[in-house]
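# Structural description and commentary
One-letter residues, chain by chain:
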Amino acid sequence: MPTSVATARMHTRHLLRRWHLATIADDAGLVVTELLTNAIKAAGPIPPQPRYRDLYDHLAVVCLCLHNLTDELLIEVWDPKNNPPIPRDATPTDEGGRGLLLVDALTLAWGTHWPHQGGKIVWATLTLN
């Protein structure tokens, strides 16, 4: 659901505070927002004002995983589609298209891999130092 992005961002910030990593919570929240938004868009269209009964059993699943590594935070977002994310050259008047540029600016690295179960995982790492 489109509301999943705000929930995931809030979860990320809460978890990072519990891990005593509040200093990167804003950057991590923004990266999660961009990657999850892309995953939801890739997973399939949702009507503008969906009714629950119309969506039940028809929503694609996306997954967010956060890994507290020794000196990095690894963010992974899985969606069921195989198409890789492609950075766009947004014009100054475009309302969107800058998400991956933000991810690139805020992270040490990011990329995509395709698990053997299908779909894709878009990952990004932030430094904990």
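Just so we're clear, the structure is a prediction, and the values are computed from it rather than from any experiment.

Reading the values: rules and limits
Residue positions are counted from 1 within each chain, in the order its sequence is given. Local features are withheld for residues below a pLDDT of 70 in this predicted model, meaning they are given only at 70 or higher, and side-chain atom pairs are given and counted only at 80 or more; totals for whole chains, interfaces and linings count all residues. To obtain the side-chain values, all non-hydrogen atoms of the structure were used and water was disregarded. Working definition of a nonpolar core: buried Ala, Val, Leu, Ile, Met, Phe, Trp, Tyr and Cys residues. They are joined through side-chain atoms within 4.5 Å. Under the scheme applied here, a residue whose accessible area is under 20% of the maximum for its type counts as buried, over 50% as exposed, and between as partly exposed, the area being computed with a 1.4 Å probe on protein chains only. Every helix listed is a DSSP run of H or I at least four residues long, and every strand listed is a run of E at least two residues long, numbered separately from the N terminus. A positive count includes Lys and Arg, and a negative count includes Asp and Glu. His and the chain ends are not counted in either. Basic side-chain nitrogens of Lys or Arg form a salt bridge, by our definition, when they fall within 4 Å of a carboxyl oxygen of Asp or Glu. Here a polar contact means two N or O atoms within 3.5 Å. Within protein one must be a hydrogen donor candidate and the other an acceptor candidate, and residues neighboring in sequence count only if both atoms are side-chain atoms. Any two residues having at least one pair of non-hydrogen atoms within 4.5 Å are treated as being in contact. Strand pairing is assigned whenever DSSP detects at least two bridges linking the two strands. Helix axes use the C-alpha atoms of the stretch in contact, all axes being lines fitted to C-alpha atoms, and the angles between their N-to-C directions lie in the range 0 to 180 degrees.

Attention shifts here to the nonpolar core. Ranked by size, the top nonpolar core spans 24 residues in total, and within it Leu16, Val31, Leu35, Leu73 and Ile75 carry the most contacts. Elements supplying a minimum of two residues to this core: helix H1 (3-18), helix H2 (25-43), strand E2 (72-79), helix H4 (99-106) and strand E4 (120-127). The biggest single contributor to this core is H2, with eight residues.

All right, on to the side chain of glutamate 76 then. Here glutamate 76 lies in strand E2. As a buried residue without a salt bridge, glutamate 76 has its nearest oppositely charged side chain in lysine 120, at a separation of 14 Å. A distance of 2.8 Å separates polar atoms of two side chains, one belonging to glutamate 76 and the other to histidine 67. Sequence-distant contacts of glutamate 76, that is, excluding residues within four places in its chain, are made with Cys63, Leu64, Cys65, His67, His113, Ile121, Val122 and Trp123.

Another aspect to go through is the sheet that holds E2. Pairing in this open sheet of four strands is antiparallel, and the strands run E1-E2-E4-E3 from one edge to the other. In the strand order of this sheet, the two ends are held by strand E1 (63-68) and strand E3 (109-113), each with one partner. Going from strand to strand, the sheet's axes swing by 15° on average, the running direction of each strand aside. Running over the sheet, H2 touches E1, E2 and E4 and is turned about 15° from E2.

Worth remembering: the numbers are spatial, not functional.
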